[in-house]
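Spelled out from the first residue to the last, the chains are:
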Amino acid sequence: MSTTATVTTEPATTIDANAVVVGHFQDSDLRGAAAHLDEATGGALARLVATEDLSGKSGAITRLLAPHGVQATAIVVVGLGKEENFDRGAAFRAASAAAKSLADKPRERVAFYLGEGWTQECVEAAVCGALAGCEGQDLYRAEKDLHPFGQLLWPPATQPALASANAIAVGVGLTRRLVNEPASEIYPESFAARAAEVAQQHGLEIETWDRARLEQERCGALLAVSQGSVREPRLVILRHRGGGSDQPTLALVGKGVTFDSGGLSLKPSDGMKTMKCDMAGAATVLGALSAIAQLNLPVNVIGLMGLTENMVNGASFKLGDVLTARSGKTIEVLNTDAEGRLVLADTLDVAVELGAAKIIDLATLTGACVVALGTDVAGLMTNDQTWCHQVEAAAQACGEPAWQLPMFQEFSAQIKSKVADIKNIGDGRWGGAITAAKFLEEFVGDTPWTHIDIAGPAFLESPKSWIDAGATGAFVRTLVEVARRWNDDVTYLPSR
Ligand code: BES
Ligand code: MN
Ligand code: ZN
């Protein structure tokens, strides 16, 4: 991460900056810094409100250049939407949209006068948004699309939230960067090396299982997926000991398929072209753990990342193969492109063995989930309704859309096999997100578990007004929120 947010005490009207950003609620008066800038400019903003050129519609960006009476080179007004609808998600997206619009060229000093009168949670989300919005997927372009700001300044009222916002933004940025990097750069070994750097930086314990250890541990499902690749698999275990040794452990488990060609059930080119993103679950876990460690949250969290490529060569695992997973369950392989659930089968088993009190797994698991819920909404599936509600409420609080899919017993019949305990695909393609989750459920025993299928929201094919295309870092903020709520006695219910 190149930019971090810091405080300025200089008022919006007199600050020497390339741009000052203020917010405007729909159907509301100009307030705070926006009102001060309006005064300094002799009523320029009020005129735009009167003519409805400045509507306050959520995410709308209005730029005034070289405004008279103001020191900064530009005023940017970002619409905050209707005040009654304003929440952390709206704060994130508004600040992110403003940042993205200003990142169109290099700017040394950008000051955001947002957050006065907001909750610290909304401030934190907005600062995170501003840091995410000015960075994109143009890692390998000489001519960048987006230019992170030299300095990002916020008014004193936001001070209490800045440190945590910076920490979370680093996590989100890390996840996005890992997902955006191509599979030639990010493969199991190099991902594990990045994880080791993060662990070193933030004081996380780390253990990495190489192929020999995975064999010793009988991780037959994960190993089978890796067979067709010249890259060796890894299983990375990160540990944050923020709670007492008698306190329960939250396990975060991520699918880390650093490239998914489909294996012998080869994907067509169109379906394969974005499959560097198939390690987004693991990257989300790593990003969240880096934030949790940096925030020093008083909880015990372990992060487990199952890392492998799914490739094709003479040693590839084959259709009809029967695998023995680490748990001892046998699996008939009927489609090598349903590899994520095989990787997770062994990774979840390790989480259970390490004594996780509750588990969340994140995976770009099924195209079917994207068919069901669209590209912006993650699918939630669970074996424990209370736990799922807690995860859902955290996601909702962060403004990260997620929706629960049913886990009716009837779906289990679909993964019965004639030759092994279970098979790795359902009978047909209908309900594919759920049959995949039913498969995962076989490996968590009685541990409360919630599965988040992020195949839609993890990676954008085209940009949004507030964020570049490519990796989004979705659900890093939700995982941090879950960890923050871990010691609470109250059960948060999502409000639908
Ligand atoms: N990684 C894919 C799922 C995916 C699809 C992620 C689109 C992101 C965007 C997964 O490994 C996969 O190939 N799933 C198959 C399962 C099928 C063979 C049962 C799918 O969704 O088609
Ligand atoms: Mn696949
Ligand atoms: Zn996959």
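All values derive from a computational prediction rather than experimental measurement.

Asks: Any chance you could explain the coordination of the manganese ion (ligand 2) here in plain terms?
Replies: When a metal holds four donors in a tetrahedron, each ideal angle between them is 109.5 degrees; when it holds six in an octahedron, the ideal angles are 90 or 180 degrees. Within the first shell, the manganese ion (ligand 2) binds the protein through Asp260 (OD), Asp337 (O), Asp337 (OD) and Glu339 (OE), at distances of 2.0 to 2.2 Å. Along the chain, the residues that donate to the manganese ion (ligand 2) are spaced as D-x76-D-x1-E. The metal-metal distance between the manganese ion (ligand 2) and the zinc ion (ligand 3) comes to 3.2 Å, with Asp260 coordinating both. With Asp260 in strand E9 (residues 249–260) and Asp337 in the loop between strand E12 (330–332) and helix H11 (340–353), this residue pair connects regions lying 77 residues apart in the sequence. Relative accessible area serves as the criterion here: at 3%, Asp260 is assigned to the buried category.

Asks: Is there a simple way to explain the site of ligand 1 in this structure?
Replies: Near ligand 1, the surroundings consist of 15 residues, among which Lys267, Asp278, Asp337, Glu339 and Gly367 are the closest. Within the side chain of Asp278, one N or O atom sits 2.8 Å away from a nitrogen atom of ligand 1. For ligand 1, a nitrogen atom lies 3.5 Å from a polar atom in the backbone of Leu365. A majority-of-atoms criterion places ligand 1 in the largest pocket. Its residues assigned to classes, the shell around ligand 1 comprises four nonpolar, four polar and seven charged.

Asks: I tried to follow empty space enclosed by the protein on my own but got confused; where do I start?
Replies: One simple way to see leftover space: roll a probe sized like a water molecule over the atoms. In total, this model carries three cavities of 30 Å³ or more according to the counting rule given. By volume, the largest cavity is sized at about 70 Å³. Around the largest cavity, the lining residues are Arg88, Glu121, Glu124, Ala125, Cys128, Ile168, Cys398, Arg477, Val480, Glu481 and Arg484. Listing elements by their share of the lining of the largest cavity, those giving two or more residues are helix H4 (120–133) and helix H15 (476–485). Its residues assigned to classes, the lining of the largest cavity shows five nonpolar, no polar and six charged. Both domain 1 (5–155) and domain 2 (172–484) contribute no fewer than three residues apiece to the lining of the largest cavity.

Basis of the calculations
- Residues numbered from 1 in each chain as written.
- Chains lettered and ligands numbered in written order.
- Predicted model: local features only at pLDDT ≥ 70, side-chain atom pairs only at ≥ 80, totals over all residues.
- Heavy atoms only, no water.
- Donors = N, O, S within 2.8 Å, 3.2 Å for Na, K, Ca; no water.
- Helix = DSSP H or I, 4+ residues; strand = E, 2+ residues; numbered from the N terminus.
- Buried < 20%, exposed > 50% of the residue type's maximum accessible area, 1.4 Å probe, protein only.
- Near = heavy atom within 4 Å.
- Polar contact = N/O pair within 3.5 Å; in protein donor to acceptor, adjacent residues only side chain to side chain.
- 1 Å grid on protein atoms, 1.4 Å probe; cavity = no way out; pocket = protein on both sides within 12 Å on 5 of 7 lines; lining within 4 Å.
- Sits in = over half its atoms within 2 Å of the grid points.
- Nonpolar A, V, L, I, M, F, W, Y, C, P; charged D, E, K, R; others polar.
- Points joined across faces, edges and corners; volume = space filled by probe spheres on them.
- Domains from an automatic or database assignment.

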